[in-house]
Amino acid sequence: TAANDTGRDFEHCQSLIDKLECKDSPVLVDNSRIKVINKLADKLVASKQPMVSDVDKHRKELNHNYKDVEKERQAYRGVLDGALNVHKYTMELDDIKDDIDEKISAMSSEEVGKSVNSCEKLLRKFEEIHQDVGELDKRLKSKNSEGHKLMKSHKKMSGIIAERLEIIMKNWNRLGKLIQERKHRLDLGLQYQSFNRDYGKLVGWSEGIIAEMQGTEMPSNISLCYLATDKHKDRQLAIKSKAKEFEALDKAGIEMNNIRHPASTDVQGQMHNLKDIQSNLDEEWNKLDSKLGQCLQLVNYLEQVDYCCDWIRVTEMGLKNAKVGNSMDTVTNLMKTHSSLESSLEHQGLKISEAVAMGKDLIKKNHYDMSLIKETNRDLQERWCNLINLSQTHDGKLKLSYRYQLYLKNASDFSSWIREKTKVAMDESWKELTNLMAKIQKHQTFESEVEANHNRLHVLTEESTRLQDLLPVSIQSVTEPAEELVLNWSILIERSNEKRLLLRQAYQVQTFHRTADDLNKWMDGLEEEFSSEDIGRNIQTTKKLIKKQEPLVKSINSKRDKVDSLADTVAVFRDADHYLTNNLEDIMNGVTERYSHLYEASKIRKDHLNSVLQLKEFINDVEEEENWIDRKLKGSNSEFGDDLNSALKLIKIHSGYEQDVKSHEQIVRQLTSRGHSMISDRHYAKDVIRQAINDVTNKLDKLRDSLSQRRNQLQLSLDVEQYKADTSDSLVWINDTSNQLESTDLGNDDDGVARQLKKLDVWKEGIDNYKETIENLNERSEKLGGLQSIQDNLLENYNKLTVTAANRGIRLNDRKQMFDYLTELEDEYNWIGEKQQQLMIGEFGDDYEHVEVLLDEFAEVQRDVANHEVVYKDTRGRGLQLAESRNAGDKKLVSDRIADVDEAWKTLEKSAGGRENGLLEAKKVHRYGRDVDDTKTWIGEKLDSLGQLRAKDKDIDDIRGNVVDLERSTAAIGDQVDNLNKEGDQLIETIPHVEVDISKLQKSLAKDWKKLQKKVDQERSRLSLGEGEKDLLGQYDHLMALANQIMSAMNPSDIPRDLIGSQHQLATHLDLYDDIKSLSKEIELFEKSAEKFKDDEGSVPTEIRNKLNKLQKARDLLKNTWNQRKEVYDQQVDVYKLFGEMGDANAWMINKDNEAKLSEFGNSIDEVDDLMKHHDEFGEVLKGLTAKVENVKRLSLIEQRQPREREEAEMRKKESMEAEERERIRREEREKLEAERKRHSEEDNERRRKQKIKRPQSDGLRRRTVEIPVALVTDKESPLASPRSKPPVPSPRTKTLNVKPDPTTTSQRPKSVAGYPGDSIVVLQEDSPTEEVSDGSGERLNYTFQEVLRRRTMSGGSKNPDVQRPLAECRGWLEKKHVLQTGSKKASVRSWKSFYAASIGHLLCFFKGEAEFEEFHCNSHPIRIQSSTASVAVDYTKRDCVFRLHLVDGSEFLFQAGNKEEMDNWVAIINKQSAEPVKTSVVEYVKSKTSHISSTFLPW
């Protein structure tokens, strides 16, 4: 290479340098190779090999040459570098010149761009050129300074450099002017194109938004509405963000107009158009906003309408498929159900009215879909009207069915009443002839009652006719009950008439029998009288007996009519063909026969008494003659006289005796004649008479013989002394006889007078016979002479004797007449006394019929008295005349006797009047008493029938029918009682002395009447209470059904899967609160109604109290459940909202995140500008969504509840520990008691063993053993008991929720949703796709993140093997009977079964035996006794020691214990356990041991 060659230009110079630096260049030595050679040389030198010096020499030489060559090369390289710089400078100046020329050419272009992009491209190109120009300016300045330096360093080339610099500077200055002009043009073009671009974008965006808003389809549900509203609000944010662009664009247009932009005309048009677009945009947004608001209202309206339509559809289906019932109870229940439906209709009508009003309001506001709303409103109203019509139709059917069932019930009741009354009418009480008047009166009342009920038949027949027209043709048996009633009624009337006739005939028979009995009784008395052996003690008593026979004979004659009446009655019965005709004929024949026999007996008695009187008179005369003969025999003297006088005297006496004997011989002959006559008449005592005749004849013969013998003996003396003594004897006889005749003994009674008369007759006869003696003496005295004075004296004495005899006869006759009259007065007095005795009898009758008999007897007595009055007056008149002719003594005697008879007669008349009044009053009183007794009997029958009816009462309809019948009967009884009270008051007023008796009867009647009224009031109250209780129980059933319905509504079968369903469920649940409030009001009314059933002690009946407690528990349970479920639903909605907000935010962020992650940053300023504007808009939207994102960060309701749940769990754990401690204490006490009992038992056994005494097994050693829980003792007696040992009673249905957290995620805060009350809790975790949580009751829910609250499932129970068996509070053998199942319905199987039962916590478990209990192998479903009630079954009398268990769900069981002690123990334990909180461990254990029975363990 030539050392002076520097190149022609930069490239040539560069090539020279390259050649100089090239590896193949001859002047370029490889430095590395030199280093390798040096290293090799160093090694060789270091090895000290031979020729080391040559090596070192050659190395040095090589290094020196290398350095020389390198130095020369570097010098030439410096020359080339300098030339290269100059060449490079000139080349760069050429480049700068070319660049300037190029820029001048670019800046000279008139193109300003037709779009923002082109303008921006031109601007960017301009900017690039401008930047290049700037760089050129820097390069030019650099090169200018460099050129001056080069010119100084390379003077050889300075001219070229200066020339080049001058040319470049001229072009540079021109370029500067062109740049300014180009910049102005480009700015104006860009300003217009930017304006035009922004205008186009805003117009396009606005048109797109408007088109989008105009093309927005209205959402079909609330969720979409909310989404569309949110999206529309986002549009509003976007529009607000675009408002600045509109404002900026307007300002840009104004600025362009102000600078008089070449395109200002177009800009002004675009500005006007832009304002129109902006106003259209706002208008369209507002229009769509209004439309979305209307859409939301429409959706709400349509959802409300759909809800109403669904409810209407379900209700229509229910009404179309509803039954009208086939019994009174079912119809009543259906009517109550329909009444509830009508209440629901009324409540739902408000909602439908609200929906219709909402539709009309939307129509008034010119809703965009008015036609749909009008059609929907019309359809809803039509369906509602159809439902109302259907409800009214069904209500009419139910009322018609109720009317029909009521008709059948009334017909059945009336038919039963007719049958009952027919039985009464067909009874044969008329056959028993006692108390017939009461029976007749009762039958009259019965007929009145029957007649009073005739209107019922009329009403029922009319009702059957009306129902026949109203009921469908398919019911053919409407008139059958009425026809049957008419037939039965006719039978009843016929039987009643027959019974009335039979009762009357029976009364006639009774009257017949009473007449016959009276006659028989009367004849019994007469027969006794006629068969009496009393013939009188003497003649007078016999005469009295004979006189006594006369009225008896008259009474016999007077009874002829009654005897004939019996025959007439028999004839009537014979004509009526009465079944007792033969019997009555026999009675009549017997009475007639007895009457005829009595008549004959009266004759026989009369003849017998006459015969007795004749016999007694004959015997009396005979006895008098015998006595006279005996006196004569005894008076015969054995002296014959010592002198003539004595002889004469004796002979004269003997002559007198002979004269007496002669006179008595006549009497004896008469007696003998009478006796023979009596014998010839076959006198019953003819033997006595014959004997008497023989006796008196023999005695007379004996007397004659004695006198004859005496006379013979005296004759001897007589002859001697006859003459001497005749005269003196005669005087003696006359004096003696005169003395006798002058005797004052005229007889003290009629017998004495009769005897004196007989003596007088004898004396008269003797005087008459002695006249012959006197005549003989007179003859003898005449013969003797000189004895005339003696004879005259004798005659005078004889005449005096005759007069004395006559006077004595007069006096005796008068005396006899007086005594006869006195006897007659005595007979009269006795007759009056007899009648007085008959009238003064204290008997006024035992009853009304007896009084009538007594009145008949009194009538006979009164007739006798009336007939005897004439006799009385005649006797009295004769007595007064007789008294006037008597001496004072006799007059006084007669007057006193007449006065006695008068007084007796007046007393008789007074007694007759009093007796009549008394009998009439007695008749009234007895009739009143009979009526009272009949009424009391009637009342008693009603009371008895009331008791029988009460025993037969099965339902309230029976009670109602009985009360109606009872009220009808009671009204008649009330009238009867009022009449009897008035009659009793009248009797007391008219008959004061019966006030006490009448008052007693009135009080007795009033007492019975009040008792009946009380019973009737009780029945009314019972009916009222029964109806009220039935209504109350029906209301209870209705309220429980409503509560169950509400509870069922709060237990939906489907769990919502989204926010809309949850919100709808929450809204539905909130609607249920109104139902709960209305139910609470109805329960309050139920409580007020229950207060009406309080007894005197102010306590409500047990059944109603239990029902009320159940309702209150159900109400509290509903409220608690509602609150719990509301909390759950709020949590559910909150979770779904949170999920929705999280999902929306997440989706929005994912969308925006994708946009934010785009790698595009714009290929141009325009694109970058668009991206920046879009990013600014995104920032504005992001600010609007910040609140939503912040809301997502909030704690959910479930998370807020977790601390409280932890506190509750701690509290439950504490309570469980306390319960376990109490259980431990009770167990220890029980073990102590068991040990003590065992010790005592062993001691007793040992003592009995030693004493060798067999004792019966005590109750404490029975086969069935019951452990007495210590809690029953320790609560009051044990020192271990404390107030802390009694845990608080939880609310019913409360369950402990035990959450099982995932141990792997315990540090994370879960998002949870609470389940339903009694169900599980759902724990949703991001790391766990499915979470199961159990509350210990066996119910489990599976939830997934994608499907929340999808379904509930049930598992078989806890599988925890570590759970220990809890202790039984009480156990032993029980007999079990299932009475009622859930809902208080009758259980299908109600037989008694034997189980070994154990009370464990809230569970009553059943085993086959004690061995199964030890293994805890349940044989039957356990019973959950929480909130249950146990009580002694007092009303169950079929078995002893039975107690009742009533559960919350309406179920009922009966249990029979071994003895009363066990029963009381079971009741106490169950009631105690019922009030204690749930022991989850107990439930888990029992559940684990009873999983073989059923998977649905412990329902509810």
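Note that the coordinates shown come from a computational prediction; the quantities given were computed from them, not determined experimentally.

Give me the overall build of the protein chain: which residues, what numbers.
From N to C terminus, the protein chain includes 32 helices and 13 strands. The buried share of the protein chain, taken over its 1500 residues, is 41%. Within the protein chain, contacts between residues separated by at least 24 positions form 78% of all contacts whose residues are at least 6 apart in sequence. Taken as a whole, the protein chain presents about 82,700 Å² of accessible surface, with 50% of it coming from carbon and sulfur.

Explain the side chain of Lys1377 to me, using residue names and the numbers behind them.
Within the fold, Lys1377 resides in strand β6 (residues 1370–1381). The buried charged residue Lys1377 lacks any salt bridge, with Glu1452 as its nearest oppositely charged partner at 9.3 Å. Residue contacts for Lys1377: discarding those within four places in its chain leaves Arg1390, Ser1391, Trp1392, Tyr1436, Glu1452, Phe1453 and Leu1454.

Summarise the confidence of the model for the protein chain; cite the residues concerned and give the values.
Counting all residues, the mean pLDDT for the protein chain is 75, and 83% of those residues have values of 70 or more. The element-level mean pLDDT for the protein chain is lowest in strand β2 (residues 1322–1324), coming to 32, with strand β13 (residues 1452–1456) highest at 92. Contacts from residues 1253–1363, a stretch scored under 50 in pLDDT, to residues over four places away or in other chains number 243 contacts. Confidence drops under pLDDT 50 across residues 1491–1500; counting only partners more than four residues distant or on other chains, this segment forms 24 contacts.

Which residues make up unusual backbone geometry, and what values do they have?
Even without being a glycine, Asn366 presents a positive backbone phi close to 55 degrees. Structurally, the position occupied by Asn366 is in the loop between α8 (328–364) and α9 (370–426). Positive phi values are uncommon outside glycine, yet Ser1427 reaches one of about 60 degrees. By the secondary structure assignment, Ser1427 is in the loop between β10 (1420–1424) and β11 (1429–1432). Overall, the relative accessible area of 13% leaves Ser1427 in the buried class.

Lay out the packing of helix α10 (residues 436–452) against helix α12 (residues 479–530) in plain terms, naming residues and giving numbers.
Viewed as axis vectors pointing N to C, α10 and α12 meet at an angle of 160 degrees, and their least axial separation amounts to 10 Å. In terms of orientation, α10 lies roughly antiparallel with respect to α12. Like other packed secondary-structure pairs, α10 and α12 cross with a definite hand, here left-handed. Between α10, through Leu436, Met437, Lys439, Ile440, His443, Phe446, Glu447 and Val450, and α12, the contact on the second element is made entirely by Trp489, Leu492, Ile493, Ser496, Asn497, Lys499, Arg500, Leu503, Ala506, Tyr507 and Gln510. Grouping the amino acids of the contact of α10 with α12 by side-chain chemistry returns 11 nonpolar, four polar and four charged.

Can you lay out the pairing of strand β9 (residues 1403–1407) for me, pointing to particular residues and giving the numbers?
Burial of β9 is extensive: five of the five residues sit out of reach of the surface. Neither face of β9 is open: one carries Leu1403, Cys1405 and Phe1407, the other Leu1404 and Phe1406, and all of them are buried. In this structure, strand β8 (residues 1392–1400) lies alongside β9, joined through five bridges in antiparallel fashion. Pairing of Ser1399 across the sheet is with Leu1404, part of β9. Counted along the chain from β8 to the antiparallel partner β9, the turn is two residues long, and its residue Gly1401 has a positive phi close to 60 degrees. With three bridges connecting them, β9 and β10 associate as antiparallel partners. Looking across to β10, one finds that Phe1406 is bridged to Ser1420.

How would you sum up the packing of aromatic side chains? Please name residues and give values.
Taken as a whole and assessed by the stated rule, the structure comprises 12 aromatic pairs. Aromatic side chains Phe1406 and Phe1455 sit 6.1 Å apart centroid to centroid with 10 degrees between the ring planes, which places their arrangement in the stacked category. Placement of Phe1406 in strand β9 and of Phe1455 in strand β13 is noted, with a sequence separation of 49 residues between them. Given a relative accessible area of 0%, Phe1406 falls into the buried group. Its guanidinium or amino end placed over the ring of Trp417, Arg456 lies 5.8 Å from that ring's centre, counting from NZ or CZ. Over the ring of Phe1406 we find Lys1376; its NZ or CZ atom is 4.3 Å from the centre of that ring.

Mind laying out the pattern of salt bridges, listing which residues take part and the relevant values?
In this structure the tally under the stated criterion is 42 salt bridges. One salt bridge connects Arg1224 with Glu1228, and the closest N-O pair in it is separated by 2.5 Å. Of this pair, Arg1224 and Glu1228 both sit in helix α28 (residues 1197–1251), four residues apart, which is roughly one turn of that helix. Note that Glu1452 is salt-bridged to Arg1444, the shortest N-O span being 2.9 Å. Both residues of the pair, Glu1452 and Arg1444, belong to the buried class. Salt bridges sharing partners connect three or more residues here, namely Arg403, Glu462, Glu463 and Arg466.

Could you give an account of the state of the cysteines, with specific residues and numbers?
Evaluation of the coordinates by the stated rule reveals zero disulfides. There is no disulfide at Cys308, and the cysteine sulfur nearest it, in Cys309, is 6.9 Å away. Residue class for Cys308 comes out buried when judged on its relative accessible area of 0%. Cys1405 carries a free sulfur, and the closest cysteine sulfur to it, the one in Cys1418, is 4.5 Å from it.

Residues and numbers for the environment of Ile1400, please.
Along the chain, Ile1400 falls in strand β8. A C-alpha to C-alpha distance of 9.9 Å links Ile1400 and Ile1425, two positions 25 residues apart in sequence.

Can you tell me about the environment of Leu880, naming the residues and giving the values?
By the secondary structure assignment, Leu880 is in helix α20 (residues 848–884). Of the residues examined, Leu880 reaches a relative accessible area of 39% and is grouped as partly exposed. Setting aside residues up to four positions removed in sequence, Leu880 forms contacts with Tyr821 and Ile898.

Describe the packing of helix α11 (residues 454–470) against α12, and please don't skip the residues or the numbers.
Where α11 meets α12, the closest approach of the two axes is 9 Å, and the angle between their N-to-C directions is 155 degrees. Between α11 and α12, the crossing angle belongs to the class labelled roughly antiparallel. Considering the relative orientation of α11 and α12, their crossing is left-handed. On α12, the residues that touch His454, Leu457, Leu460, Thr461, Ser464 and Gln468 of α11 are Thr479, Ala482, Leu485, Val486 and Trp489. Of the residues contributing to the contact of α11 with α12, the split by class is six nonpolar, five polar and no charged.

With reference to specific residues and values, describe a negative patch on the surface.
A cluster of like negative charges, contributed by Glu843, Asp846, Asp847, Asp856 and Glu857, occupies part of the molecular surface. Tracing the sequence through the fold places Asp856 in helix α20.

What counts and what doesn't
Residues numbered from 1 in each chain as written. Predicted model: local features only at pLDDT ≥ 70, side-chain atom pairs only at ≥ 80, totals over all residues. Heavy atoms only, no water. Helix = DSSP H or I, 4+ residues; strand = E, 2+ residues; numbered from the N terminus. Buried < 20%, exposed > 50% of the residue type's maximum accessible area, 1.4 Å probe, protein only. Contact = heavy atoms within 4.5 Å. Areas by Shrake-Rupley, 256 points an atom, 1.4 Å probe, with all protein chains shown as cover. Lys, Arg positive; Asp, Glu negative; His and termini not counted. Salt bridge = Lys/Arg side-chain N within 4 Å of Asp/Glu carboxyl O. pLDDT = per-residue confidence, 0-100. Axes fitted to C-alpha atoms, helices over the stretch in contact; angles between N-to-C directions. Parallel < 35°, antiparallel > 145°, perpendicular 65-115°, else oblique. Left-handed = near helix turned anticlockwise from the far one by under 90°. Nonpolar A, V, L, I, M, F, W, Y, C, P; charged D, E, K, R; others polar. Pairing = 2+ DSSP bridges. Phe/Tyr/Trp six-rings, centres within 6.5 Å; stacked < 30°, edge-to-face > 60°. Lys NZ or Arg CZ within 6 Å of the ring centre and 35° of its normal. Disulfide = S-S within 2.5 Å. Patch = residues over 30% accessible without salt bridge, like charges linked within 9 Å, V, L, I, M, F, W, Y side chains within 5 Å. Charge placed at Lys NZ, Arg CZ, Asp CG, Glu CD.

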